[in-house]
Amino acid sequence: MEIEFVGAAREVTGSCHIVRVAGSTVVLDCGLFQGRRRESSEKNTQLPIPIGEIDAIVLSHAHIDHAGRLPYLVRHGYEKTIWSTPATRDLCAVMLADSAHIQEKDAEFLSRRGKEHAEPLYSMRHATRTIELTVGVPYHRTFDVAPGVRATFVDAGHILGSASVMLDCLEGGKTRRLVFSGDIGRSGLPIIRDPEPPEGADGIIMESTYGNRTHESVEGARARLAAVIRATAARGGRILIPAFAVGRTQELVYDLHVLASEGAIPTIPIYIDSPLAIDTTSVFELHPDVFDHGEDLVRKVRNLFRFELLHYTRDVEESKALSRMHGPMVIIAASGMAESGRILHHLAQGASNPQNTILIVGFQAEHTLGRRIVERRPVLSIFGDDVPLRAQVEIINGYSAHADRNELGTWIDCVREHSPRLEQVWLVHGEPPAQDELATALAAKGLKVGCPAPRERREL
Ligand SMILES: [Zn+2]
Ligand SMILES: [Zn+2]
């Protein structure tokens, strides 16, 4: 069998790998490349493979860097099946529609201002058709993907519905198992189950995002969250949290629910000010079967995402009304790096008040407003206006949904223990420094490791 690494090769975004075996061609993931506008637009508009050659697509999870280009394939004629878990399919329905909407609006906005802009990659129609082609298969059920190729999902413990994929390929009378890790999560994440390492692998395509970093513990993050809220409320200020609408917001809501039920935070209102987060929360509520039933709150409480202090604001008028209110409160709004979305309005109004706290709970890329807040720049530029940054800035790293280097090591140790025939590990989904450090660590364990470059082909 031959594997071609198309995206997330020596980088983090654009996850896409092509498996050719016994005359069948299967594509694993087809995500958006993100980063500098022009460079990523060039990569995004290049089809990974002529559409007619694809027999099936298998999707690991709903994050946009894994699923975000599927409607682009559909726009160019893809009409076969896309396989995912049921929760991934439902999350994609919300996220791909949002992605189409944002692209259409961005292009419209830039063209109105006479600025150079990329055409939207796809429209709402293509996003909808993508979901129609997607079939949801629960974890641990084996299904036929293409002639000679069967697949089984196991829980990757990263976001709701996330999977590692086991591909069993029959070639020359011999079945061999290729494992695609997807994005690997962490033990103890709220709501989500712990990662379940696959078994019986002959070869592994493995993510390596944090191959050179360690995270603060998940429990530590919840305690810090409580401390920040208590201190800010005591000053009479607001806690403003930029958060990804999918995953991170639900984890925060869950942790706030735990803290409120323990009396660990004061009784101040909490607002989820994001329509996408509200839709995503509804998808979470459809899939309690894949929650981590080892957690107390999951076992005891029926409505995890609803409690007395919590309010969801969907329409714009409700959102605007928040700025006229008085007294301490928590506001969680997208986007996660404060580049767009309603959080911008709250920051424009709240960043100059020293009573407030801006709480950062996610990775902030270079050149984003979130990064400037992390760097505590004295003056922020929001909607073209200068806003002095006088609010407190707090950073909690423990909410990462990705395994750190130790957790990646534990994952591969477990896979290996149950994979006597394991020959080869290929690292993907990581910047070179992270990949190289992890590759060295895995080689020291006696594994054969490679870090393929984009469009490189390897045999298993
Ligand atoms: Zn992911
Ligand atoms: Zn990813």
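Residues numbered from 1 in each chain as written. Chains lettered and ligands numbered in written order. Predicted model: local features only at pLDDT ≥ 70, side-chain atom pairs only at ≥ 80, totals over all residues. Heavy atoms only, no water.

Caption draft 1: Region of interest: the side chain of Arg176. In this fold, Arg176 is placed in strand S10 (residues 174–180). Looking at Arg176, its side chain comes within polar contact range of the side chain of Glu423, at 2.4 Å. A polar side-chain atom of Arg176 sits 3.0 Å from the main-chain carbonyl oxygen of Leu460. Leave out the neighbours within four places in its chain, and Arg176 touches Met1, Leu167, Asp168, Cys169, Asp202, Glu423 and Leu460. (Helix = DSSP H or I, 4+ residues; strand = E, 2+ residues; numbered from the N terminus. Polar contact = N/O pair within 3.5 Å; in protein donor to acceptor, adjacent residues only side chain to side chain. Contact = heavy atoms within 4.5 Å.)

Caption draft 2: Seen up close, the nonpolar core. Ranked by internal contacts, the top residues of the largest apolar core, which has 110 residues, are Val145, Phe153, Leu167, Leu178, Ile205, Leu225 and Ile270. The residues contacting Leu167, other than those within four sequence positions of it, are Val19, Leu28, Val149, Arg150, Ala151, Arg176, Arg177 and Leu178. One finds Leu240, Met329, Ala351 and Ile358 within the second-largest nonpolar core, a separate group that totals 21 residues. (Core = buried A, V, L, I, M, F, W, Y, C linked by side-chain atoms within 4.5 Å. Buried < 20%, exposed > 50% of the residue type's maximum accessible area, 1.4 Å probe, protein only.)

Caption draft 3: Representation of the coordination of the zinc ion (ligand 2). Each protein donor to the zinc ion (ligand 2) is listed here as Asp65 (OD), His66 (NE2), Asp183 (OD) and His429 (NE2); together their distances run 2.1 to 2.4 Å. Around the zinc ion (ligand 2) sit four donor atoms, and with donor-metal-donor angles ranging over 88 to 167° the site reads as irregular. Positions of the donor residues of the zinc ion (ligand 2), expressed as sequence spacing, correspond to D-H-x116-D-x245-H. Between the zinc ion (ligand 2) and the zinc ion (ligand 1), the interatomic distance is 3.4 Å, and Asp183 donates to each metal, bridging them. (Donors = N, O, S within 2.8 Å, 3.2 Å for Na, K, Ca; no water. Tetrahedral: all angles 85-135°; square planar, octahedral: opposite > 155°, others 65-115°.)

Caption draft 4: A look at the packing of aromatic side chains. Using the criterion set out here, one finds five aromatic pairs in the structure. Aromatic pair Phe284 and Phe305: ring centres 5.8 Å apart, planes at 85°, arrangement edge-to-face. Taken as a pair, Phe284 in helix H8 (residues 275–286) and Phe305 in the loop between helix H9 (296–300) and strand S14 (310–312) lie far apart in primary sequence, 21 residues in all. The exposure class of Phe284 is buried, given its relative accessible area of 2%. Since its relative accessible area comes to 2%, Phe305 is described here as buried. By way of ring pairs, the aromatic residues Trp83, Phe143 and Phe153 are connected into one cluster. (Phe/Tyr/Trp six-rings, centres within 6.5 Å; stacked < 30°, edge-to-face > 60°.)

Caption draft 5: The packing of helix H6 (residues 218–235) against helix H7 (residues 248–261), seen in detail. Axis separation between H6 and H7 bottoms out at 10 Å; the angle between their running directions is 70°. In terms of their interaxial angle, H6 and H7 are classed as roughly perpendicular. For the pair H6 and H7, the contacting residues are Arg222, Leu225, Ala226 and Ile229 in the first and Leu252, Tyr254, Asp255, Leu256, Val258 and Leu259 in the second. Its residues assigned to classes, the contact of H6 with H7 shows eight nonpolar, no polar and two charged. (Axes fitted to C-alpha atoms, helices over the stretch in contact; angles between N-to-C directions. Parallel < 35°, antiparallel > 145°, perpendicular 65-115°, else oblique. Nonpolar A, V, L, I, M, F, W, Y, C, P; charged D, E, K, R; others polar.)

Caption draft 6: Just the sheet that holds strand S8 (residues 149–155), in detail. The seven strands are arranged S7-S8-S9-S10-S11-S20-S21 in an open sheet whose pairing can be described as mixed. The sheet is open, and its two borders are formed by strand S7 (142–146) and strand S21 (449–450), each paired with just one other strand. Where strand S11 (residues 203–207) and strand S20 (residues 424–428) come together, five bridges link them in parallel fashion. When the bridges of S20 are listed, Glu207 appears paired with Val428. In the packing of helix H13 (residues 405–417) onto the sheet, contacts are made with strand S9 (163–171), S10, S11 and S20, and the angle to S11 comes to roughly 165°. Each of S11, S20 and S21 is contacted by helix H14 (residues 432–444), which is oriented at about 165° to S20, the strand it contacts most. (Pairing = 2+ DSSP bridges.)

Caption draft 7: Spatial organisation of the coordination of the zinc ion (ligand 1). At 2.2 to 2.4 Å from the zinc ion (ligand 1) lie its protein donor atoms, namely His61 (NE2), His63 (ND1), His158 (NE2) and Asp183 (OD). One can describe the site at the zinc ion (ligand 1) as irregular: its four donor atoms subtend angles covering 91 to 165° at the metal. In this structure Asp183 comes out as buried when scored by relative accessible area, which is 2%.

Caption draft 8: Examining unusual backbone geometry more closely. The peptide bond linking Ala334 to Ser335 adopts the cis configuration, its omega dihedral lying at 5°. Considering the arrangement of structural elements, one finds Ser335 in the loop between strand S15 (329–333) and helix H11 (343–350). Despite not being glycine, Arg10 shows a phi value in the positive range, around 60°. Relative to the helices and strands, Arg10 resides in the loop between strand S1 (2–7) and strand S2 (16–21). Classification of Arg10 as partly exposed rests on a relative accessible area of 26%. Positive phi, normally seen in glycine, also occurs at His429, with a value near 55°.

Caption draft 9: Broad picture of the sheet that holds strand S5 (residues 82–84). Here seven strands make up an open sheet; going across it, the order is S6-S5-S4-S3-S2-S1-S22 and the pairing mixed. Each having just a single partner strand, strand S6 (134–136) and strand S22 (456–459) make up the two edges of the open sheet. Along the sheet, successive strands turn relative to each other by an average axial angle of 25°, direction set aside. Relative to strand S3 (residues 24–28), S2 runs antiparallel, the two being bridged by five bridges. Paired with His17 across the strands is Leu28, a residue of S3. Docked against the sheet, helix H5 (residues 124–133) engages S5 and S6, running at close to 40° with respect to S6.

No statement about biological role is implied by the geometric values presented.
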